[in-house]
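Geometric and topological summary
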Amino acid sequence: KKRIFSGMQPSGLITLGNYLGALNNWTKLQDDYDCLYCIVDMHAITVRQDPQKLRKQARDLLTQYLAVGLDPEKNIIYYQSHVSQHAELSWILNCYTYMGELSRMTQFKDKSAKHADNINAGLFTYPVLMAADILLYQTDLVPVGEDQRQHLEITRDIAMRFNGIYSDTFKIPEAYIGKVGAKIMALQEPTKKMSKSDENQNNTIALLDEPSVIMNKFKRAMTDSDNQVRFGEDKPGISNLLGIYCAVTGVSPEAAEREFANAGYGTFKTSVGEAVVAKLEPIQKRVKELEANKDYLDSVIKSGGEKAGRIAERTLSKVQKKVGFPVKI
Ligand code: TYM
């Protein structure tokens, strides 16, 4: 079986964007691939986090991974910080990554503009840790949203560079970006992406938002002064809502346009909200059930970390040998 690796930061409540761009695809891949799904808490501290909150968010993310249907019997689910090989490989790869290529990362530019008071070295080398995550497991495919494409490119560049110097060591991974849902936009500002860290809560749908809250947010979503429900570059709001509708229902873009050809914006927005609620309600129910089962969650994360560590160590020790570290006796 081919291997899949992906991860998500426990840096806040996960959104409909995270779900449609990533999680939902992960659940579809779990039967056909050998998958590792990581909770990347080490990436999360590139932005200041409250320790208690971070710990809780990591646990909540684990619960949500399981609630959307990731099966811990089929996938390795674990916390990044529990597998020290990530940090170790990341250090080594730092020495094979150029300042120039990291300076070109758009996420670094965006985040350093947003957190001007804390432009730390970790924020800068963030993509190297991400490359380590992926390369440790000899990953074939990385299912992510559109915003991670550039990080996948640099991961491939680092891997090819290392292989070029030391002979084949890393599998060269490919991004797996879905056709629908790969870039969900903010509801009130549909020209920017929906993001966990958005201060305007009306811009985002959290996976755990109450149905009434979801309906309200969709009702308030920005549209345009036209009255046609169709995709179009001139219609970012409506296109985003149509995209969400297609992604949650599985209806094709053409069929969705036909379905709402004669609908007003109000009716359309209500239908989108209802489709999202129908998709999220069962997940929210499972979150509640799982939260009550502390021992089960503990056992999932413990065994996931152990399994991941064993695979990661195989790659790390190969790399350590290749770069010339003395062999441990
Ligand atoms: P993160 O935590 O920001 O987002 C997790 C996943 O959600 C996708 N995503 C979106 N998809 C569609 N529309 C949106 N508005 C949207 N917002 C987020 C992201 O593309 C991502 O797939 N750097 C990564 C985490 C990471 C990782 C990795 C991913 C660390 N190591 C190794 C893959 C492989 C990140 O910050 O994701």
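Each value, and the rule that gives it
Residues numbered from 1 in each chain as written. Predicted model: local features only at pLDDT ≥ 70, side-chain atom pairs only at ≥ 80, totals over all residues. Heavy atoms only, no water. Near = heavy atom within 4 Å. Polar contact = N/O pair within 3.5 Å; in protein donor to acceptor, adjacent residues only side chain to side chain. Areas by Shrake-Rupley, 256 points an atom, 1.4 Å probe, with all protein chains shown as cover. Helix = DSSP H or I, 4+ residues; strand = E, 2+ residues; numbered from the N terminus. Nonpolar A, V, L, I, M, F, W, Y, C, P; charged D, E, K, R; others polar. Domains from an automatic or database assignment. Buried area = accessible area lost by both parts, 1.4 Å probe. Salt bridge = Lys/Arg side-chain N within 4 Å of Asp/Glu carboxyl O. pLDDT = per-residue confidence, 0-100.

Moving on: the site of the ligand. Around the ligand sit 27 residues in total, of which Tyr126, Asp133, Asp147, Ile184 and Lys196 are the nearest. Interatomic distance of 2.8 Å between a backbone N/O atom of Gly145 and an oxygen atom of the ligand. Within the contact set of the ligand, an oxygen atom lies 2.4 Å away from a side-chain nitrogen or oxygen of Asp147. Alone, the ligand offers 700 Å² of accessible surface; in the complex the protein occludes 97% of this. Secondary structure elements with two or more residues in the shell around the ligand: β1 (3–8), α1 (16–29) and α7 (121–135). Per-class residue counts for the shell around the ligand are twelve nonpolar, ten polar and five charged.

Take the domain arrangement of the chain next. Domain boundaries assigned for the chain yield domain 1 (3–177 + 294–323) and domain 2 (201–289). When the two sides are added together, the surface that domain 1 and domain 2 hide from each other amounts to roughly 1100 Å², 76% of it contributed by carbon and sulfur. Looking at the side of domain 1 facing domain 2, the largest losses of area belong to Leu16, Tyr19 and Ala67, adding up to 45% of the total buried there. At the junction of domain 1 and domain 2, the tally comes to zero salt bridges. Broken down by secondary-structure element, the contributors of at least two residues to the side of domain 1 that touches domain 2 are α1 and α3 (51–67). In terms of residues, the side of domain 1 that touches domain 2 owes the most to one element, α1, which gives five residues. Considered class by class, the residues forming the side of domain 1 that touches domain 2 number eight nonpolar, four polar and no charged.

The predicted coordinates of low-pLDDT regions are not to be read in fine detail. When pLDDT is averaged along the chain, the result is 97, and 100% of the positions lie at 70 or above. Interface predicted TM-score (ipTM) for the complex: 0.99; the corresponding pTM is 0.96.

We now examine the pattern of salt bridges. Within this structure, the stated rule accounts for 16 salt bridges. For Asp298, the salt bridge is made with Arg59, and the minimal N-O distance between the two is 2.7 Å. In this pair, Asp298 is assigned in helix α13 (residues 294–323) and Arg59 in helix α3, connecting sequence segments 239 residues apart. Its salt-bridge partner being Lys171, residue Asp140 comes within 2.9 Å of it at the nearest N-O pair. Of the two residues, Asp140 is situated in the loop between α7 and β4 (141–143) and Lys171 in the loop between α8 (149–166) and β5 (174–176); the sequence distance between them amounts to 31 residues.

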